[in-house]
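Coordinate inspection notes
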Amino acid sequence: METSKLTLLTTTHRIAPGLLSWPAWQALHGAPLVLTADPEHPQLPALAQAGVKVERTERTTAPALARELAERAPLVFLGSQDGDPGLTDALARIAVEQAGEAPEIELLPGSYDLPGARLLDLVAVMDRLRSPGGCPWDAEQTHESLVKYLVEEAYELVEAIEEGDRATLREELGDVLLQVFFHSRIAEEHAEDPFSVDDVAGDIVDKLVYRHPHVFADSDADTTDQVEANWEALKAAEKQDRESVLDGVPSGLPALAYAAKLVSRVRRADFTAVPDAPYRLPAELTEESVGALLLAVVQRAHDAKVDPDAALRRAARGYRTAVRAAEGLAG
């Protein structure tokens, strides 16, 4: 006796309704019965337009639903958006208890999440939080009020990277990503110049494609130095209206990082009109002489391809560990 088939069709809500695999459409059109327990399933309108009749069944317990599906097979069951928790376990139990009599069970993915699909969930969550009935705190935030959190999250991400803590790295990357989506959601509400996270992503995609002609066009760049040279040439063409080689360097950077960025701009422009600070220990340490000494260190560090900000943080962490060790404490 031929065993009837029970096909569990899974889909993702992150892909437009109707975009199903060919095996899924074949199963739907060939099935004597198509069932779902989700009356709000996003695929229902698309299936109706395609001439696929979908019957609805009660959303009961997983064991009860499994028994109904097994008894009514052959059929295609259109899985609910929440994955019907416990259903596959209940069906597996029936397959074991009714071996030889239970229907053949097939799991058929009708659509898959594309890479980055969970970002759509983040868009939806941010929209919910900012919309009426969402979170009062989130609804009150502005670009200005979120600045401190953006800075804090960036530094926490840097710390996770430097400590090699991958679990914390994953978490902090999420916190930084949240800031981008949060600011983009706020920007949608601007009365005169709104933009969305799609606009933000589109702009950076365009910029990356434009600045990588050796990947997306016919330019050649076989080494890192050639890539950097092409990058600087393209940036210079984009910023022709700048008066100074230092235009665009944010003065709000921490002092050491700010100095390093200024030196980097000066070096890349081959600007030699201002001599480097003297690299020697001053006779007297004053605010002026200490500043000049630190600038001199930053200039030499750049020439030696050393990030002075990262170097100082590493030294500071070592100093902290040594002090705690001297106190009899764990690092």
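This section reports on the structure supplied with the text. (Residues numbered from 1 in each chain as written. Predicted model: local features only at pLDDT ≥ 70, side-chain atom pairs only at ≥ 80, totals over all residues. Heavy atoms only, no water.)

**Here's the deal with the overall build of the protein chain**
Counting secondary structure elements, the protein chain contains 14 helices and five strands. Along the three orthogonal principal directions, the C-alpha set of the protein chain runs to about 100 × 60 × 45 Å. Taking all 331 residues of the protein chain together, 27% fall into the buried category. Contacts in the protein chain between residues at least 24 apart in sequence constitute 58% of all its contacts with a sequence separation of at least 6. As displayed, the protein chain has an accessible area near 21,800 Å², and 56% of this comes from carbon and sulfur atoms. (Helix = DSSP H or I, 4+ residues; strand = E, 2+ residues; numbered from the N terminus. Buried < 20%, exposed > 50% of the residue type's maximum accessible area, 1.4 Å probe, protein only. Contact = heavy atoms within 4.5 Å. Areas by Shrake-Rupley, 256 points an atom, 1.4 Å probe, with all protein chains shown as cover.)

**Here we look at the side chain of Asp-38**
Here Asp-38 shows up in the loop between strand 2 (34-36) and helix 2 (44-49). The charged side chain of Asp-38 is buried without a salt bridge, its nearest counter-charge being Arg-59 at 6.0 Å. A polar contact is formed between the side chain of Asp-38 and the backbone nitrogen of Glu-40, at a distance of 3.0 Å. For Asp-38, the residues in contact, after removing those within four places along its chain, are Leu-44, Ser-80 and Gln-81. (Lys, Arg positive; Asp, Glu negative; His and termini not counted. Salt bridge = Lys/Arg side-chain N within 4 Å of Asp/Glu carboxyl O. Polar contact = N/O pair within 3.5 Å; in protein donor to acceptor, adjacent residues only side chain to side chain.)

**Points about the packing of aromatic side chains**
Tallied over the entire structure, the rule returns one aromatic pair. Where Trp-137 meets Tyr-149, the ring centres are 5.9 Å apart and the plane angle is 75°; that geometry is what we call edge-to-face. Here Trp-137, found in helix 6 (residues 136-140), pairs with Tyr-149, found in helix 7 (residues 143-163); they are twelve residues apart in sequence, far enough to count as distant. Given a relative accessible area of 25%, Tyr-149 falls into the partly exposed group. (Phe/Tyr/Trp six-rings, centres within 6.5 Å; stacked < 30°, edge-to-face > 60°.)

**Observations concerning a nonpolar patch on the surface**
Side chains of Ile-204, Val-205, Leu-208, Val-209, Val-215 and Phe-216 sit close together on the surface and give an oily, nonpolar patch of about 510 Å² of accessible area. The topology assignment puts Val-209 in helix 9 (residues 197-210). (Patch = residues over 30% accessible without salt bridge, like charges linked within 9 Å, V, L, I, M, F, W, Y side chains within 5 Å.)

**A short note on a negative patch on the surface**
Judged by side-chain charge, Glu-152, Glu-156, Glu-159, Glu-163, Asp-165 and Glu-171 come together as a negatively charged surface patch. Looking at the negative patch, the element that brings in the most residues is helix 7, giving four residues. With respect to the helices and strands, the residue Glu-152 is situated in helix 7. Using a relative accessible area of 40% as the deciding quantity, one classes Glu-152 as partly exposed. (Charge placed at Lys NZ, Arg CZ, Asp CG, Glu CD.)

**Side note on the environment of Ser-196**
Within the fold, Ser-196 resides in the loop between helix 8 (166-187) and helix 9. Here Ser-196 falls in the buried class, since its relative accessible area comes to 16%. Residues Ser-196 and Arg-185, spaced eleven residues apart in sequence, show a C-alpha to C-alpha distance of 6.3 Å.

**Topic: the pattern of salt bridges**
Going through the model one piece at a time under the given rule, you end up with 15 salt bridges. Arg-14 serves as the salt-bridge partner of Asp-121, at 2.7 Å between the closest nitrogen and oxygen. One end of the pair, Asp-121, is in helix 5 (residues 118-130); the other, Arg-14, is in the loop between strand 1 (5-10) and helix 1 (22-30), and 107 residues separate them in sequence. We classify Asp-121 as buried; its relative accessible area is 16%. When the shortest N-O distance is used, the salt bridge between Arg-59 and Asp-82 registers 2.6 Å. Note that Arg-59 is positioned in the loop between strand 3 (55-56) and helix 3 (62-72) and Asp-82 in the loop between strand 4 (75-78) and helix 4 (87-97), a separation of 23 residues in sequence. The network of salt bridges with common partners includes Arg-14, Asp-113, Arg-118 and Asp-121.

**So, the sheet that holds strand 4**
As summarised here, the arrangement of the five strands in space is 3-2-4-1-5, forming an open sheet in which the pairing is parallel. With one partner strand each, in any of the chains shown, strand 3 and strand 5 (104-109) form the two edges of the open sheet. As paired strands, strand 2 and strand 3 are joined by two bridges and run parallel to one another. Note that in strand 3 the partner of Thr-36 across the bridge is Arg-56. (Pairing = 2+ DSSP bridges.)

**Structural notes on helix 14 (residues 308-326)**
End to end, helix 14 covers 27 Å across 19 residues, agreeing with the expected 27 Å (1.5 Å per residue, within 8%). Two or three places before Asp-309, at the start of helix 14, stands the capping residue Asp-307, its side-chain oxygen 3.0 Å from that residue's backbone nitrogen. Phi turns positive, to about 80°, at Gly-328, one or two residues after helix 14. (Expected span 1.5 Å × (residues − 1).)

**Examining helix 13 (residues 287-303)**
The first and last C-alpha atoms of helix 13 sit 25 Å apart over 17 residues, in line with the 24 Å expected at 1.5 Å per residue. Turning to helix 13, its buried residues are Ser-289, Leu-293, Ala-296, Val-298, Gln-299 and Ala-301. Contact partners of the buried residues in helix 13: helix 12 (255-268) and helix 14. Lys-305 lies just past helix 13 and shows a positive phi near 60°.

**Observations concerning the packing of helix 7 against helix 8**
For the pair helix 7 and helix 8, interaxial distance at closest approach is 9 Å and the crossing angle is 160°. Accordingly, the angle class assigned to the pair helix 7 and helix 8 is roughly antiparallel. Our pair here, helix 7 against helix 8, has a crossing hand that is left-handed. Together, His-143, Leu-146, Tyr-149, Leu-150, Glu-153, Ala-154, Glu-156, Leu-157, Ala-160 and Ile-161 of helix 7 and Thr-168, Leu-169, Glu-172, Leu-173, Asp-175, Val-176, Gln-179, Phe-182, His-183, Ile-186 and Ala-187 of helix 8 make up the contact between the two elements. Here the residues of the contact of helix 7 with helix 8 sort into 13 nonpolar, four polar and four charged. (Axes fitted to C-alpha atoms, helices over the stretch in contact; angles between N-to-C directions. Parallel < 35°, antiparallel > 145°, perpendicular 65-115°, else oblique. Left-handed = near helix turned anticlockwise from the far one by under 90°. Nonpolar A, V, L, I, M, F, W, Y, C, P; charged D, E, K, R; others polar.)

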